[in-house]
Amino acid sequence: MRPARALIDLQALRHNYQLARELTGAKALAVIKADAYGHGAVRVAQALEDQADGFAVACIEEALELRAAGIGGPVLLLEGFFEADELPLIIEHDFWCVVHSLWQLEAIEQARLSKPLTVWLKLDSGMHRVGLHPKDYHDAYQRLLASGKVAKIVLMSHFARADELDCASSDEQVAVFEAARQGLAAQVSLRNSPSVMGWPSVSSDWVRPGIMLYGATPFGEDQAVAACLQPVMTLESKVICVRELPAGEPVGYGARFVTPKPMRIGVVAMGYADGYPRHAPTGTPVLVAGQRSQLLGRVSMDMLCIDLTDVPQAGLGSTVELWGKNILASDVATAAETIPYQIFCNLRRVPRLYSGA
Ligand SMILES: *Cc1c(COP(=O)(O)O)cnc(C)c1O
């Protein structure tokens, strides 16, 4: 059997969820969109079900997968519905629904609903992706109330730059949000992981942590809370071939790496078809036989090469951690000029093995 696998530590997941709640004193929707950032949405939801105030996903397809697996409780659709004909299913399954655009508001006004909806009304406070314009916000709130089709409204917005701790943008967004919601007596939800971790002054009845649940930091620099997170996923495989090369020999596609000295090289059963980033360069950290080493040359589809020259205890069959508790996914992401969000979401082909359920 191919030794590549992703070990998922559900105890660490619960620790990180609890941390988000303790830091904020707020209710927390565990964001498990995109198959829980590659960790497996159903297993993650099951592990958090006793603890979590609810879940958030991108779309109804993801929400239905949770209900089909027996997950009850609140599930928020972060983009609401894409077509009005999703509304009956949203009602049937008691999903909570973001309204981010006027066309969605109109669709609710025109729909015949058997029960009232819970709506999270999204303001564009400056990110300029989705969300109602501040000038439309009060009116939209009143129209939802007047429609008689809504049981509860939560006021929400989303930060564009909360991962930049010395940037004024988040404070500006909070000011826009506070002005737009003046006079509206409803709960609010503003904070995603970087603002849960790095913006303690922002108040939010509900928080929406995603990446921090999985134990990865959204920050590019050291950060106090990041040190308290426990990595959930360990991507590991084994050395399947060892070779000794003299100086001057190329390694891998494109001869991107040429041995500067006699070297011992390990080939690992892991490649970009598993989601390991192809753009990770020579020098990207790995752990082999318990010792830090580095990637060499180009990542192939199914294999990659690492340096065993100074790891004499490593050999055929040695375990290699590509990321996990020792090699942080965020460090691999930085080396590959991407973010841990993307490397988790790209995970595929490898079996996921769960512990700590
Ligand atoms: C994905 C998402 C989140 C979670 O963001 P993280 O940075 O992973 O914590 C929160 N809110 C919304 C609206 C999202 O789309």
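Computed from a prediction, not measured in an experiment: that's the story for all the values here.

Conventions used here
Residues numbered from 1 in each chain as written. Predicted model: local features only at pLDDT ≥ 70, side-chain atom pairs only at ≥ 80, totals over all residues. Heavy atoms only, no water. UniProt positions renumbered as here; feature names shortened; annotations may be inferred. Helix = DSSP H or I, 4+ residues; strand = E, 2+ residues; numbered from the N terminus. Buried < 20%, exposed > 50% of the residue type's maximum accessible area, 1.4 Å probe, protein only. Contact = heavy atoms within 4.5 Å. Pairing = 2+ DSSP bridges. Axes fitted to C-alpha atoms, helices over the stretch in contact; angles between N-to-C directions. Parallel < 35°, antiparallel > 145°, perpendicular 65-115°, else oblique. Left-handed = near helix turned anticlockwise from the far one by under 90°. Nonpolar A, V, L, I, M, F, W, Y, C, P; charged D, E, K, R; others polar. Domains from an automatic or database assignment. Buried area = accessible area lost by both parts, 1.4 Å probe. Salt bridge = Lys/Arg side-chain N within 4 Å of Asp/Glu carboxyl O. Near = heavy atom within 4 Å. Polar contact = N/O pair within 3.5 Å; in protein donor to acceptor, adjacent residues only side chain to side chain. Areas by Shrake-Rupley, 256 points an atom, 1.4 Å probe, with all protein chains shown as cover. 1 Å grid on protein atoms, 1.4 Å probe; cavity = no way out; pocket = protein on both sides within 12 Å on 5 of 7 lines; lining within 4 Å. Arc of directions from axis to C-beta. Right-handed = clockwise from strand over helix to strand, strands pointing away.

## A short note on the UniProt feature "modified residue: N6-(pyridoxal phosphate)lysine" (unreviewed entry) in the protein
Next up, step 1: Feature annotation in UniProt assigns "modified residue: N6-(pyridoxal phosphate)lysine" (unreviewed entry) to the following positions: Lys33.
Next up, step 2: Locating Lys33 in the fold gives a position in helix α2 (residues 33-37).
Next up, step 3: Residue classification places Lys33 among the partly exposed residues on the basis of a relative accessible area of 31%.
Next up, step 4: Ignoring anything within four residues of it in the chain, the contact list for Lys33 reads Ala56, Val57, Ala58, Glu62 and Leu78.

## Structural notes on the sheet that holds strand β6 (residues 117-122)
Next up, step 1: Spatial strand order, β2-β3-β4-β5-β6-β7-β8-β9: eight strands in a closed barrel with parallel pairing.
Next up, step 2: Relative to β6, strand β5 (residues 96-99) is paired through three bridges, and the arrangement is parallel. Across the sheet, residue Val98 finds its bridge partner in β6, namely Trp120.

## Details of the packing of helix α6 (residues 102-110) against helix α7 (residues 134-147)
Next up, step 1: At a minimum axis separation of 10 Å, α6 and α7 run at an interaxial angle of 15 degrees. For the element pair α6 / α7, the angle class is roughly parallel. The chirality of how α6 crosses α7 is left-handed. Of α7, the residues touching α6 (which contributes Leu102, Leu105, Glu106, Ile108 and Glu109) are Asp136, Ala140, Arg143, Leu144 and Ser147.
Next up, step 2: Residue classes in the contact of α6 with α7 are distributed as five nonpolar, one polar and four charged.

## Overview of the domain arrangement of the protein
Next up, step 1: Domain parsing of the protein yields domain 1 (10-216) and domain 2 (233-355).
Next up, step 2: Each of domain 1 and domain 2 has a C-alpha centre, and these two points are 37 Å apart.
Next up, step 3: Facing the 14 residues of domain 1 at the interface are 10 residues of domain 2.
Next up, step 4: A buried area of about 1100 Å², summed over both sides, lies between domain 1 and domain 2, and 63% of it is on carbon and sulfur atoms.
Next up, step 5: When the buried surface of domain 1 facing domain 2 is broken down by residue, Tyr37, His39 and Ile211 rank first, second and third, together holding 40% of it.
Next up, step 6: Taken together, the links from domain 1 to domain 2 amount to one salt bridge.
Next up, step 7: Of the charged contacts in the structure, one is a salt bridge between Asp35 and Arg352, with a shortest N-O distance of 3.1 Å.

## Section: the site of the ligand
Next up, step 1: Around the ligand, the structure places 14 residues, and the nearest of them are Lys33, Tyr37, Ser193, Gly210 and Tyr341.
Next up, step 2: In the environment of the ligand, an oxygen atom lies 2.8 Å from a nitrogen or oxygen atom belonging to the backbone of Gly210.
Next up, step 3: Tyr341 places a side-chain nitrogen or oxygen 2.7 Å from an oxygen atom of the ligand.
Next up, step 4: Compared with its free state, where it exposes 390 Å², the ligand has 92% of that area covered by protein.
Next up, step 5: For the shell around the ligand, the secondary-structure elements that each account for two or more residues are α2 and α9 (193-198).
Next up, step 6: Split by residue class, the shell around the ligand holds seven nonpolar, four polar and three charged.

## Re the UniProt feature "binding site: substrate" (unreviewed entry) in the protein
Next up, step 1: Using the residue numbers shown here, the UniProt feature "binding site: substrate" (unreviewed entry) corresponds to Arg129 and Met301. Taking the farthest pair of C-alpha atoms as the criterion, the annotated set spanning 173 residues is dispersed, since that pair is 34.3 Å apart. Cross-referencing the annotated residues with the lining of the largest cavity gives Arg129.
Next up, step 2: Arg129 sits in the exposed class, given a relative accessible area of 55%.

## Let's talk about the pattern of salt bridges
Next up, step 1: Applying the stated criterion to the full structure yields 13 salt bridges.
Next up, step 2: Asp94 serves as the salt-bridge partner of Lys115, at 3.0 Å between the closest nitrogen and oxygen. Highlighted residues: Lys115 in the loop between α6 and β6 and Asp94 in the loop between α5 (87-92) and β5, separated in sequence by 21 residues.
Next up, step 3: Looking at Asp94, the relative accessible area reads 45%, which means it is partly exposed.

## A closer look at the environment of Val202
Next up, step 1: Note that Val202 resides in the loop between α9 and β9 (206-207).
Next up, step 2: The spatial distance from the C-alpha of Val202 to the C-alpha of Thr24 is 9.2 Å, given a sequence separation of 178 residues.
Next up, step 3: Those residues in contact with Val202, other than ones at most four positions away along the chain, are Phe159, Val174, Leu190 and Arg191.

## Re the environment of Ser147
Next up, step 1: Within the fold, Ser147 resides in helix α7.
Next up, step 2: Note on Ser147: relative accessible area 19%, which makes it buried.
Next up, step 3: Residues Ser147 and Glu109 lie 38 residues apart in sequence; the distance between their C-alpha atoms is 5.7 Å.
Next up, step 4: A distance of 2.6 Å separates a polar atom in the side chain of Ser147 from the backbone oxygen of Leu144.

## A short note on α6
Working note: α-helix, 3.6 residues per turn, so residues spaced by three or four point in the same direction.
Next up, step 1: By the burial criterion, the buried members of α6 are Gln104, Leu105, Ala107 and Ile108. The buried residues of α6 all sit within an arc of 160 degrees when viewed along its axis, so they share a single face.
Next up, step 2: Next to the buried residues of α6 lie α5, β5, β6 and α7.

## Looking at the pairing of β5
Next up, step 1: A two-sided burial pattern is seen for β5, the buried positions comprising Trp96 and Val98 on one face and Cys97 and Val99 on the other.
Next up, step 2: Here strand β4 (residues 75-77) pairs with β5 via two bridges, running parallel. Each residue of the ladder has a partner; that of Leu76, found in β5, is Trp96.
Next up, step 3: This β-α-β element, β4 to α5 to β5, shows right-handed connectivity.
Next up, step 4: The handedness of the β5 to β6 crossover, carried by α6, is right-handed.

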